[in-house]
Structure formats: C-alpha cells, structure tokens
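Listed here are the chains, written in short residue letters.
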Amino acid sequence: MPGQAGIARQSMPALPTSASAKQNSSVDWALVREDGLYFSGRFAGGIRADIRRRLPWYASDWTDGARGGVKTLTAALYMFFGCLAPGIAFGAYFDQYSGGKSGVVEYLITQGVSGVIFAIISGQPLVILRPTGPITVFISQLYRITAPMGVDYLSVQAWVGIFTGLYMIIIAVTDSCAYIQHCSRFTQGSLLLVLLLLLLFLLLCLLL
C-alpha cells in the first residue's frame, strides 16, 4: 500500500506555483495535493487524477467489505436505516405539497438506484446518498411555482435535473471543485446552521 500511494502521488500534476498561492499561508498545500483540490490546468485533469489515486484501491474496497463479516453487516444495516429514515420523512413531507405526484416511493427508488450506481462507478461503497432538507425545500417550492403556471411539474423537474447534471459536468472537467479549498470552518458551520433551520422548519410543518 505505501508503495502504491507513493506512485499515485508522483504521477499527479504539479501544484500551482504562483506567487499568490505561495503567499497564502492559510492553505495546507500538502493536504490539497492529497485531496486533489487544485487546478490542474488540463481538461478533466482533476477527474484523471482522482482515477489514478483511487484505482489501486478500487478492488480492495469491495473485497475488504466482503471479508468484513459482522462489521460489514452492521455497517450495511446502519447505512440502510440511515438512508431509509430521511427518505420516508422528506418523501412524506413533499407528498403533501405535490398532490401525490412524488412521495416516499419515488424518494426511496431514486436514492436506491443512484446510490448503487454512485458506489459502483466511484469505487466508494461507504458513501451514503440520501435526500436532504435543502433539496426537499427546493423541489417543494418548484412545485408551487409550476402549479399556478399550469406547467407539468414532473417535466420541469426532469429539465432541472438535466441542467443540474450539465452544470456538474462542467464544474468537474474545469476543476472548479478546487474553489472548495477556500471554504473555512465558518463557511461549513454556516451551511450546517442553514440545514438545521430547514430541518426544524420541515418538522414544524409536519407537526402543524
């Protein structure tokens, strides 16, 4: 493993060496290099670097899990219920605001299918994909916008998903994910606070 890690690190593109980057003492460039959060200067350079970093351990992520025994079973049950509970809660909330166009069943199916595809392609079987408060609030407001306009909600949601996917592809191939290195713990805490307030809002709506 250490030898493979050294090979993976040596094959990665060099970090930016501009004066502004060197003067930015708040950025841990060693950690940035390890995480791949920097501009490679090449088309889809970050994606290719991610593949080089993950490829040596792709198979072991699955084989180690298969040999995990009880640990794998308990982790699987934990992730199952960790994904099931939010899906039911947010799906039930949205079902009330969409007139039954989308609800718990749709939430569970989409999260299950996308979670399996994500785990296989990314080589990260431990990643948990589940519906979140901000997404639920967004699609509920999207339904409220389409209803008075007489536009089919499911068609609008499909186009929103397509355009969101295109934006994510553009961000990935241009290494724009590197901007995340400028987000501090304060930014992370602010987003968590917003998420907490959204969850409290959804809870109050369900209770009232």
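Up top is the structure.
Everything in this summary refers to the structure shown in the same document. (Residues numbered from 1 in each chain as written. Predicted model: local features only at pLDDT ≥ 70, side-chain atom pairs only at ≥ 80, totals over all residues. Heavy atoms only, no water.)

It is worth spelling out the overall build of the protein chain at this point. Scanning the protein chain from terminus to terminus reveals nine helices and zero strands. Written out in order from the N terminus, the α and β elements of the protein chain read α-α-α-α-α-α-α-α-α. In the protein chain, of all internal contacts separated by at least 6 residues, the share reaching a separation of at least 24 is 67%. For the protein chain, the accessible surface area stands at approximately 14000 Å², while carbon and sulfur atoms represent 72% of it. (Helix = DSSP H or I, 4+ residues; strand = E, 2+ residues; numbered from the N terminus. Contact = heavy atoms within 4.5 Å. Areas by Shrake-Rupley, 256 points an atom, 1.4 Å probe, with all protein chains shown as cover.)

Take the packing of helix 7 (residues 133-149) against helix 8 (residues 153-173) next. The N-to-C vectors of helix 7 and helix 8 enclose an angle of 130°; their axes lie 10 Å apart at closest approach. Taken together, helix 7 and helix 8 sit at an angle that is classed as oblique. Seen along the crossing, helix 7 lies across helix 8 with a hand that is right-handed. Between helix 7, through Phe-138, Ile-139, Leu-142, Tyr-143 and Thr-146, and helix 8, the contact on the second element is made entirely by Tyr-153, Val-156, Gln-157 and Val-160. Split by residue class, the contact of helix 7 with helix 8 holds seven nonpolar, two polar and no charged. (Axes fitted to C-alpha atoms, helices over the stretch in contact; angles between N-to-C directions. Parallel < 35°, antiparallel > 145°, perpendicular 65-115°, else oblique. Left-handed = near helix turned anticlockwise from the far one by under 90°. Nonpolar A, V, L, I, M, F, W, Y, C, P; charged D, E, K, R; others polar.)

This brings us to the pattern of salt bridges. Under the defined criterion, the tally for this structure stands at two salt bridges. Notably, a salt bridge pairs Arg-53 with Asp-50, separated by 1.9 Å at the nearest N-O pair. With Arg-53 and Asp-50 both in helix 4 (residues 45-66), this residue pair falls three residues apart, about one helical turn. Judged by its relative accessible area of 35%, Asp-50 is partly exposed. Asp-64 is the salt-bridge partner of Arg-67, the closest N and O atoms lying 2.9 Å from each other. Look at Arg-67 and you get exposed, because its relative accessible area is 62%. (Salt bridge = Lys/Arg side-chain N within 4 Å of Asp/Glu carboxyl O. Buried < 20%, exposed > 50% of the residue type's maximum accessible area, 1.4 Å probe, protein only.)

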